[in-house]
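# Residue-level structural notes
Listed below, chain by chain, are the residues.
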Amino acid sequence: MTIVFATNNLNKLKEVQAFVPNHITLLSLEDIGCTEDVPETQTTIEGNALQKAAYIKNKYGYDCFADDTGLEVEALRGAPGVYSARYAGEQRNSEDNIQKLLKELQAYSNRNAQFKTVIALELHGQQHTFTGICPGEITTEKSGNRGFGYDPIFKANGYNQTFAEISLEEKNQIGHRGKAVKQLVNFLNSIA
């Protein structure tokens, strides 16, 4: 089975490849010659994932899956949520996003948050979605140099280290994307 993961984010691709069994060939957007920005104009994480998967299927003809991930902070009523990558502006700069979030949270003692990933699969003319959630909290300062995005300020429940301080293998076991990808792989294995 050959399937496209609709992402240009090499960090995400690396995380997902760790889960995919050998009988599934995973292609990136670069592999299929997709160099344009895939639309993400929906107002929900689910909507963006479905939109991206449908775009690749319709334009390139490949069965594919796409994900969208957001950091939902309780005190900020779910923000940055679907706007996580562009929280501090269209430049999509992780450091700017982290600094904005830390500043916004200064007035709050409640630092509860969760990462949420939704994977949308376009396969044989049908759409399927898989959701992974990792509850935790936002730290008061950055710690660690692994991972990407908000990882240096997110601690999963039950952990004393941020996502940027733990190994990729450990993050994949407990993380939002890992949970969603496991559901996807189980589904693909069940129909193989």
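All figures in this text were calculated on a predicted structure; none of them were measured in a lab.

What follows covers the overall build of the protein. Within the protein one finds five helices and seven strands. Secondary structure elements in the protein, listed N-terminal to C-terminal, are β-α-β-α-β-β-α-β-β-β-α-α. Along the first, second and third principal axes, the C-alpha atoms of the protein reach 50 × 30 × 25 Å. Across the 192 residues that make up the protein, the buried fraction comes to 47%. In the protein, the proportion of contacts linking residues at least 24 apart, taken out of those at least 6 apart, comes to 55%. With an accessible surface of roughly 9,400 Å², the protein has 44% of that area assigned to carbon and sulfur atoms. Across the protein, 19 positive and 23 negative side-chain charges occur, with their mean positions spaced 2 Å apart.

This paragraph deals with the nonpolar core. Counting 20 residues, the largest nonpolar core has Leu71, Val73, Leu101, Ile138, Tyr150, Phe154 and Phe163 as its most contacted members. Elements represented by at least two residues in this core include exactly β3 (64–73), α3 (94–105), β5 (112–123), β6 (126–138) and β7 (154–156). In terms of residue count, α3 provides more of this core than any other element does, four residues in total. In this structure Leu101 touches Leu71, Val73, Leu76, Pro80, Tyr87, Ile138, Tyr150 and Ile153, once residues within four positions along its chain are discounted. Membership of the second largest hydrophobic core comes to 18 residues, among which are Ile3, Leu26, Phe65 and Leu123.

Now for the UniProt feature "coiled-coil region" (unreviewed entry) in the protein. Sequence positions flagged by UniProt for "coiled-coil region" (unreviewed entry) are, in local numbering, residues 91–118. With 43% helix and 25% strand, residues 91–118 has end C-alpha atoms that lie 23 Å from one another.

Secondary-structure assignment places Lys142 in the loop between β6 and β7. Between the alpha carbons of Lys142 and Phe154 there is a distance of 8.7 Å; along the sequence they are twelve residues apart. Engagement of the side chain of Lys142 in a polar contact is seen with the side chain of Glu95, the distance being 2.5 Å.

The end-to-end C-alpha distance of helix α2 (residues 45–60), which contains 16 residues, comes to 23 Å, matching closely the 22 Å that a straight helix rising 1.5 Å per residue would cover. Along α2, the residues classified as buried are Ile45, Gly47, Asn48, Ala49, Gln51, Lys52, Ala53, Ala54 and Ile56. On its buried side, α2 packs onto β1 (2–5), β3, β4 (80–81), β5 and β6. At the C-terminal side of α2, Gly61 shows a positive phi close to 80 degrees.

Mapped onto the secondary structure, Thr7 falls in the loop between β1 and α1 (10–17). Among the polar contacts listed, one links the side chain of Thr7 to the backbone nitrogen of Asn9, at a separation of 2.9 Å. The contacts of Thr7, once residues within four sequence positions are left out, are Lys12, Leu13, Ser28 and Leu29.

Calculation criteria
- Residues numbered from 1 in each chain as written.
- Predicted model: local features only at pLDDT ≥ 70, side-chain atom pairs only at ≥ 80, totals over all residues.
- Heavy atoms only, no water.
- Helix = DSSP H or I, 4+ residues; strand = E, 2+ residues; numbered from the N terminus.
- Buried < 20%, exposed > 50% of the residue type's maximum accessible area, 1.4 Å probe, protein only.
- Contact = heavy atoms within 4.5 Å.
- Areas by Shrake-Rupley, 256 points an atom, 1.4 Å probe, with all protein chains shown as cover.
- Lys, Arg positive; Asp, Glu negative; His and termini not counted.
- Charge placed at Lys NZ, Arg CZ, Asp CG, Glu CD.
- Core = buried A, V, L, I, M, F, W, Y, C linked by side-chain atoms within 4.5 Å.
- UniProt positions renumbered as here; feature names shortened; annotations may be inferred.
- Polar contact = N/O pair within 3.5 Å; in protein donor to acceptor, adjacent residues only side chain to side chain.
- Expected span 1.5 Å × (residues − 1).

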